[in-house]
Structure formats: structure tokens, C-alpha cells
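Given next are the chains, with one letter for each unit.
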Amino acid sequence: MIAKYWRKIGMLILIIACVFNVMSKLVNKLSLNSEMLSSAQYVYDQQQNEENNK
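These remarks concern the structure in this document. Since the structure is predicted, the reported quantities are computational estimates derived from the model, not experimental observations.

Considering the overall build of the protein
Part 1 of the reasoning: Helix and strand counts for the protein come out as two helices and zero strands.
Part 2 of the reasoning: In the protein, buried positions account for 0% of the 54 residues.
Part 3 of the reasoning: Just so you have it, the protein exposes about 5500 Å², and 65% of that area is on carbon and sulfur atoms.
Part 4 of the reasoning: Distance between charge centres in the protein, computed from 6 positive and 4 negative side chains, equals 37 Å.

Some points on a nonpolar patch on the surface
Part 1 of the reasoning: Nonpolar side chains collect at one region of the surface, where Met 11, Leu 14, Ile 15, Val 19, Val 22, Met 23 and Leu 26 lie side by side and expose about 670 Å² of accessible area between them.
Part 2 of the reasoning: Looking at where Val 22 falls in the secondary structure, it is placed in helix α1 (residues 6–28).
Part 3 of the reasoning: Using a relative accessible area of 48% as the deciding quantity, one classes Val 22 as partly exposed.

Definitions and limits used
Residues numbered from 1 in each chain as written. Predicted model: local features only at pLDDT ≥ 70, side-chain atom pairs only at ≥ 80, totals over all residues. Heavy atoms only, no water. Helix = DSSP H or I, 4+ residues; strand = E, 2+ residues; numbered from the N terminus. Buried < 20%, exposed > 50% of the residue type's maximum accessible area, 1.4 Å probe, protein only. Areas by Shrake-Rupley, 256 points an atom, 1.4 Å probe, with all protein chains shown as cover. Lys, Arg positive; Asp, Glu negative; His and termini not counted. Charge placed at Lys NZ, Arg CZ, Asp CG, Glu CD. Patch = residues over 30% accessible without salt bridge, like charges linked within 9 Å, V, L, I, M, F, W, Y side chains within 5 Å. Salt bridge = Lys/Arg side-chain N within 4 Å of Asp/Glu carboxyl O.

Spelled out as C-alpha cells, the structure:
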């Protein structure tokens, strides 16, 4: 019985795995705003360190 439907079962498992993969990446993704703020803070800190070392 399972030999008759192995391809459909495999495709179903593959689709479910892809959906879980995409959903986990969307949930764990940082927002663009917070990413830009942290980058700006890093650049500002680096500039302050360079000015203090002169």
C-alpha cells in the first residue's frame, strides 16, 4: 500500500519541510529598522573611537 503512494508521501513531506523552513526564517528575521539602527550605532561608535585615539 505504501509503495503505491511513496511519491505523494515524499512530496508532502518535502512541502511541509519547506514551509517550516520559510516560516522559521521569517520569525527569526530582524526588522530592517532595527538592523539599520544597530549599523548606524556601530558606525557612530567607530567614529567616536577614532576621534578619541587622535
